[in-house]
There are 2 protein chains.
Amino acid sequence: MYPKSIEKLIESFKMLPGVGNKSAERYALLMLEKSEEEIESFANALISAKQNVKPCKICGNYTENDICDICNDNSRDKETICVVQSAKDVIAMEKTKEYHGMYHVLNGLISSVKGIMPQDLNLDTLYNRLDNVKEVIIATSPTLEGETTAMYLANVLKNKNLKVTRIAHGLQMGSHVDYVDELSLIKAMENRKEL
Amino acid sequence: MYPKSIEKLIESFKMLPGVGNKSAERYALLMLEKSEEEIESFANALISAKQNVKPCKICGNYTENDICDICNDNSRDKETICVVQSAKDVIAMEKTKEYHGMYHVLNGLISSVKGIMPQDLNLDTLYNRLDNVKEVIIATSPTLEGETTAMYLANVLKNKNLKVTRIAHGLQMGSHVDYVDELSLIKAMENRKEL
């Protein structure tokens, strides 16, 4: 129905998460209305992001250099490392503007279902940077895999003479007690604080 | 927060209709996880669609050649021309698999608000292909601009010794009488058919 080059572009857009046939068609047809410069800059952005972005050699965060901006920033607290699943989590954390320590990106979580074992994670580099570190905050998601990884890490790090903490579980801001799942409510009760 | 090349990719994704900051970020970060081949094929698809797709010299439909597949198809009914606003409408119509005539793409609609006049539309080529045509079906959308264009065209074509028809207005399939807007209901009553 479409000329071949439009078909191909539609297929490409279908790579995007949550983009089905209908949206991909809409995107592809809209692209035809854009100027040649815009299209070229889009194509270049794709290729250059893929070519230039790599994991930081220290923490695994996204960077275009060997070392990421956060690891290079001397104003940050080098004595605290926040361990996260992926570089996306670093960005989520940075958006809060509340955390000023370092990060370590695991690139995955321990999962018996997916066959991901501790040795598959970016852990050796973590163990190598623990000198002078006072606290490791484990900020994996409160899912089965996130919890498993947190417990594994807490166990490995317990003799290293540093504080190991876990981000709090509880009710999310804006949620309603009557709609929240039981486990979250149990955690919220367990972790209650004196006012 | 992001390396520059990711920022740029996010900006590019924000060109897509209905894609805001959050989705653009998600798309950009997902692209980093794709293989280099996939990214290259995406970039090439963008550029090749833009470079290769042009309007058919007869009807204005999308094509990679001078004349589109529909105009080139001798099995189609050359005596009927369906006039549509854009090449996207040709595709919508073709998906029904019910229409076997020719098309003519106006590339717009008459609009006093947007300052689009009849001479801005792809109309001269339409007038030049009316020999041997028995019916012109005006299939612009039932909007103010679509109706204006339909009335203008009907008026211009009325002395040309051919039938000029307009696609039907009424209730869309699956819609509910109690939810439909008044104008659609009025049109549906006016255009009622004997069973």
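Attention in this report is confined to the structure presented alongside it. Here the residue index of a chain counts from 1 through its sequence in written order. The order in which chains are written sets their letters, starting at A; the order in which ligands are written sets their numbers, starting at 1. Per-residue local features of the predicted model are confined to residues with pLDDT of at least 70, and side-chain atom pairs are confined, for both listing and counting, to 80 or more; whole-chain, interface and lining totals are unaffected and use all residues. Side-chain numbers come from the whole structure's heavy atoms, not from hydrogens or water.

Looking at the pairing of strand β4 (residues 101-105) of chain B
All names here are of chain B. In terms of burial, β4 is largely enclosed, as five of its five residues are buried. Across five bridges, strand β3 (residues 77-84) lies against β4 in parallel orientation. Note that in β4 the partner of Cys82 across the bridge is Tyr103. With its strands directed away from the observer, a crossover is right-handed exactly when the path from the first strand over the helix to the second travels clockwise. The helix count covers DSSP runs of H or I at least four residues long, the strand count covers runs of E at least two residues long, and both are numbered beginning at the N terminus. Handedness of the β-α-β unit built from β3, helix α5 (residues 87-96) and β4 comes out right-handed. Three exposure classes are used, based on accessible area relative to the maximum for each residue type with a 1.4 Å probe and protein chains only: buried under 20%, partly exposed in between, and exposed over 50%. Paired strands, in this sense, are two strands between which DSSP finds at least two bridges.

Things to note about the packing of helix α3 (residues 36-52) of chain A against helix α3 (residues 36-52) of chain B
What counts as an axis is a line fitted to C-alpha atoms, over the stretch in contact for a helix, and the angles between N-to-C directions run from 0 to 180 degrees. Remark: α3(A) packs on α3(B), axes separated minimally by 9 Å, with the N-to-C direction vectors making an angle of 175°. Relative to α3(B), α3(A) is oriented roughly antiparallel. Packed against α3(A), whose contacting residues are A:Glu36, A:Ile39, A:Glu40, A:Phe42, A:Ala43, A:Leu46, A:Ile47 and A:Lys50, the element α3(B) presents B:Glu36, B:Ile39, B:Glu40, B:Phe42, B:Ala43, B:Leu46, B:Ile47 and B:Lys50 at the interface. Basically, the charged four are Asp, Glu, Lys and Arg, the nonpolar ten are Ala, Val, Leu, Ile, Met, Phe, Trp, Tyr, Cys and Pro, and anything else, Gly included, counts as polar. Of the residues assigned to the contact of α3(A) with α3(B), the class counts are ten nonpolar, no polar and six charged. With respect to orientation, any angle under 35 degrees is reported as roughly parallel, any angle over 145 as roughly antiparallel, any angle of 65 to 115 as roughly perpendicular, and every other angle as oblique. Should any heavy atoms of two residues lie within 4.5 Å, those residues are counted as being in contact.

Overview of the interface of chain B and chain A
In many analyses, interface size is given as the accessible surface area lost on bringing the parts together. Counting from both sides, the interface comprises 46 residues of chain B and, opposite them, 46 residues of chain A. Buried area is a sum: the accessible area each of two parts loses on coming together, probed at 1.4 Å, counted once for each and added. Carbon and sulfur atoms make up 74% of the area that chain B and chain A hide from each other, which totals about 4,600 Å². When the buried area of chain B at its contact with chain A is split by residue, B:Met15, B:Leu46 and B:Lys50 rank highest and sum to 15% of it. Within this document, salt bridges are pairs made up of a side-chain nitrogen of Lys or Arg and a carboxyl oxygen of Asp or Glu, the two lying within 4 Å of each other. On inspection of chain B and its partner chain A, the count reaches four salt bridges. Close ionic contact of A:Glu33 with B:Lys88 constitutes a salt bridge, the shortest N to O distance being 3.5 Å. Distance and chemistry together define a polar contact, namely a pair of N or O atoms within 3.5 Å, with one atom able to donate a hydrogen and the other to accept it when in protein, and with adjacent residues in sequence counting only for side-chain atoms on both sides. The interface formed by chain B and chain A includes eleven residue pairs in polar contact (both at pLDDT 80 or more). For the side of chain B that touches chain A, the secondary structure elements donating two or more residues are α1 (4-13), α2 (21-33), α3, β2 (62-63) and α5 of chain B. In terms of residue class, the side of chain B that touches chain A is built from 25 nonpolar, seven polar and 14 charged.

A closer look at helix α7 (residues 144-157) of chain A
All names here are of chain A. Take the residue count of a helix, subtract one, and multiply by 1.5 Å to get its expected span. Its 14 residues place the ends of α7 20 Å apart at the C-alpha level, agreeing with the 20 Å of an ideal helix rising 1.5 Å per residue. Looking only at α7, the buried set comprises Gly146, Thr149, Ala150, Leu153 and Leu157. Looking straight down α7, one finds that the buried residues subtend no more than 100° of arc, so they occupy a single side. With respect to the buried face of α7, the exposed residues turned more than 90 degrees away are Leu144 and Met151. The elements touched by buried residues of α7 are β3 (77-84), α6 (124-127), β5 (135-138) and β6 (163-166). Note that the arc is computed from the directions linking the helix axis to the C-beta atoms.

Brief notes about the side chain of A:Ser12
For A:Ser12, the location among the structural elements is in helix α1 (residues 4-13). Exposure remark for A:Ser12: the relative accessible area of 6% places this residue in the buried category. Other than its neighbours up to four places away in sequence, A:Ser12 contacts B:Ser41, B:Phe42 and B:Ala45.

Comments concerning the packing of aromatic side chains
For Phe, Tyr and Trp, where Trp contributes only its six-membered ring, two rings pair if their centres lie within 6.5 Å, and the inter-plane angle classes them as stacked under 30 degrees, edge-to-face over 60, or tilted in between. Considering all chains together, one arrives at seven aromatic pairs over all chains under this definition. Centroid distance B:Phe13 to B:Tyr27: 5.6 Å. Interplanar angle 70°. Geometry classified as edge-to-face. Of this pair, B:Phe13 sits in helix α1 while B:Tyr27 sits in helix α2; the two residues are 14 residues apart in sequence, bridging distant segments of the chain. Pair check on accessibility: B:Phe13 and B:Tyr27 agree, each one buried. Their ring planes at 65° and their centres at 5.2 Å tell us that B:Tyr99 and B:Tyr103 sit as a pair that is edge-to-face. Pairwise contacts between aromatic rings join A:Phe13, A:Tyr27, A:Phe42, B:Phe13, B:Tyr27 and B:Phe42 into one cluster.

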